[in-house]
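# Structure at a glance
Chain by chain, the residues run as shown.
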Amino acid sequence: MSEYAIEVYDLVKKFNDLTAVDGITLKISKGEIFGLLGPNGAGKSTTINILLHLLEPTSGKALVGGYDIVKHSREVKKLIGLVPQETVVEPELTAEANLRLFGRLYELPEDEIERKISELLKLAELSEFRYKLAGTFSGGMQRRLAVVKALIHDPSILILDEPTVGLDVQNRTALWNLLKKINRERGVTILLTTQYLEEADMLCNRIAIIDHGKIKALGTPAQLKQSISKGFIIEIFAEQKYTKDIIALIKRKFRLESSVSGDRITVNVSEDPVDFLGKVSSELEKEKLPIVSISMHMPTLDDVFLKITGSSIRDTANNEVVSPTMRLRGR
Ligand SMILES: Nc1ncnc2c1ncn2[C@@H]1O[C@H](COP(=O)(O)OP(=O)(O)O)[C@@H](O)[C@H]1O
Ligand SMILES: [Mg+2]
């Protein structure tokens, strides 16, 4: 057996003229919670579907548990539990019947299915809803049922495609906790895709930022943030007609490079950001350059994304907390 749960080497998937996956290489160790973070159309689902051999790769190679996904797709499918993007449970069936149906699809023995039903409903904190129709469940409960359903055949790897889309904050947190528990207590390696920065930050021990079918950055959330700045990010909002002059002033007076996205200017500062904040404010005032706001924060994955792709997730003037509802920019 390979030491890696998943290995992907220079994977390419073309749909006619469109290169959806453009040479992705990554290795995911056993026991990791790994996140593919990227905006809509980045190539996340395509990558996952290739791993399950639901799509044929155009070129490149991928191994799951050491098995080649093309040559040994049967073995690979046994190792993986999949929670697809558009997850559905059978609304006309009870929670237990949903699981039973799935167990039979995997041709598990009936007594094992019964054991699994109790175990998995407990894991999803749905034991008391065992005989209730899944269609009556809240979105969060249905999603938890869908997740444990994917564990019916005891896979060592769980793959989830945008598992928390459409969930409110509470249900999202509950799902994160379930996934952490599955990872910690059952030793299941988790690969998930997400457009939510906070999800990647809170849940994943490593992240690959993917855009236009390419990995743009890879590391732990802390590594990614530190790659942007070891110190603080100063953020200045100003009318766009002033941004050029403001950037020039910062360069002239402080020898610091800034990046700009619309009306938002960001500057990396390594020391004493409070002092810097004061100095910049007074210089701007001297030169009569009006600003809307100036603030500072520790680097976030949003800053990483801005640096890498040149565009940012616009939110409020205060970007210290990345809202869980905040998504990467659309296309
Ligand atoms: N079956 C397909 N045929 C043609 N184009 C596709 C197909 N599936 C995905 N694409 C295109 O490939 C790109 C990546 O899609 P996808 O992997 O679904 O992105 P993501 O999951 O990151 O949103 C998109 O531009 C999408 O339109
Ligand atoms: Mg997708």
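Reading the values: rules and limits
Per chain, residue numbering runs from 1 following the sequence as it is written. Chain labels run from A onward and ligand labels from 1 onward, assigned in the order the entries are written. Given that this is a predicted model, residues contribute local features only at a pLDDT of at least 70 and side-chain atom pairs are listed and counted only at 80 or more, while totals for whole chains, interfaces and linings are drawn from all residues. Helix and strand definitions here come from DSSP, where helices need a minimum of 4 consecutive H or I residues and strands a minimum of 2 consecutive E residues; each element is numbered from the N-terminal end. Partly exposed residues are those whose C-beta has more than 12 but fewer than 20 other C-beta atoms within 10 Å; 20 or more makes a residue buried and 12 or fewer makes it exposed, with C-beta atoms placed from the backbone. Note on contacts: each residue gets a C-beta atom placed from the backbone, and two residues are in contact if those atoms are within 7 Å. An automatic or database domain assignment provides the domain bounds reported here. To obtain each axis, a line is fitted to C-alpha atoms, and for helices this fit is confined to the stretch in contact; angles are then taken between N-to-C directions over 0 to 180 degrees. Geometric relationships in this document are graded by angle, where less than 35 degrees denotes roughly parallel, more than 145 denotes roughly antiparallel, 65 to 115 denotes roughly perpendicular, and other angles denote oblique. The hand of a helix crossing depends on one turn: near helix anticlockwise from the far one by less than a right angle means left-handed, and clockwise means right-handed. Nearness here has a simple definition: the residue's C-beta atom, placed using the backbone, must lie within 6 Å of the molecule or strand. Any residue that is not Ala, Val, Leu, Ile, Met, Phe, Trp, Tyr, Cys, Pro, Asp, Glu, Lys or Arg is counted as polar, Gly included; the first ten are nonpolar and the last four charged. Nonpolar cores are identified as sets of buried Ala, Val, Leu, Ile, Met, Phe, Trp, Tyr and Cys residues joined via C-beta atoms within 7 Å. Between any two strands, pairing holds if DSSP finds at least two bridges.

## Describing the overall build of the protein
The helix and strand inventory of the protein stands at 11 helices and 14 strands. In terms of overall dimensions, the protein has a C-alpha envelope of 80 × 45 × 35 Å along the principal axes. Per-residue burial for the protein yields a buried fraction of 40% across its 331 residues. Taking the contacts inside the protein whose residues are at least 6 apart along the sequence as the reference set, 69% of them involve residues at least 24 apart.

## Here's the deal with the domain arrangement of the protein
For the protein, the domain assignment lists domain 1 (4-220) and domain 2 (230-298). Just the C-alpha atoms count here: the centres of domain 1 and domain 2 sit 42 Å apart.

## So, the packing of helix H5 (residues 139-149) against helix H6 (residues 169-186)
Contact pair H5 / H6: the axes reach a minimum separation of 9 Å and the direction vectors enclose 20°. The angle between H5 and H6 falls in the class roughly parallel. Considering how the two elements wind past one another, H5 and H6 form a crossing that is right-handed. Facing H5, whose interface residues are Gly139, Gly140, Arg143, Arg144 and Val147, H6 presents Asn171, Ala174, Leu175 and Leu178.

## Quick word on the site of ligand 1
Taken together, Phe15, Leu18, Ala20, Gly38, Asn40, Gly41, Ala42, Gly43, Lys44, Ser45 and Thr46 make up the full set of residues adjacent to ligand 1. Those elements that place two or more of their residues in the shell around ligand 1 are strand E2 (18-29) and helix H1 (44-51). Of the residues forming the shell around ligand 1, the biggest block, 3 residues, is contributed by H1. Grouping the constituent residues of the shell around ligand 1 by class yields 4 nonpolar, 6 polar and 1 charged.

## A few points about the nonpolar core
Membership of the largest hydrophobic core comes to 69 residues, with the highest contact counts inside it found for Val64, Leu145, Ile157 and Leu158. Among all residues touching Val64, those that are not within four sequence positions of it are Ile6, Leu51, Ile69, Val76, Leu79, Ile80 and Ile157. Among the nonpolar cores identified, the runner-up in size contains 14 residues, and Phe232, Ile233, Ala238 and Val267 belong to it.

## Looking at the sheet that holds strand E7 (residues 157-161)
As summarised here, the arrangement of the 6 strands in space is E6-E7-E8-E3-E9-E10, forming an open sheet in which the pairing is mixed. The two strands at the open ends of the sheet, each matched to only one other strand, are strand E6 (80-83) and strand E10 (214-219). Each neighbouring strand pair of the sheet contributes to a mean axis angle of 15°, computed without reference to strand direction. With 4 bridges joining them, strand E3 (residues 33-37) and strand E9 (residues 206-211) adopt parallel strand pairing. Each bridged residue has a counterpart across the sheet, and for Phe34 the counterpart in E9 is Arg206.

## Some words on unusual backbone geometry
A positive phi angle is found at Glu162, which is not glycine, with a value near 45°. One can find Glu162 in the loop between E7 and H6. Taking the C-beta count within 10 Å as the criterion, Glu162 has 22 such neighbours and is therefore assigned buried. Phi at His212 is positive, roughly 50°, even though this residue is not glycine. In this fold, His212 is placed in the loop between E9 and E10. Taking the C-beta count within 10 Å as the criterion, His212 has 15 such neighbours and is therefore assigned partly exposed.

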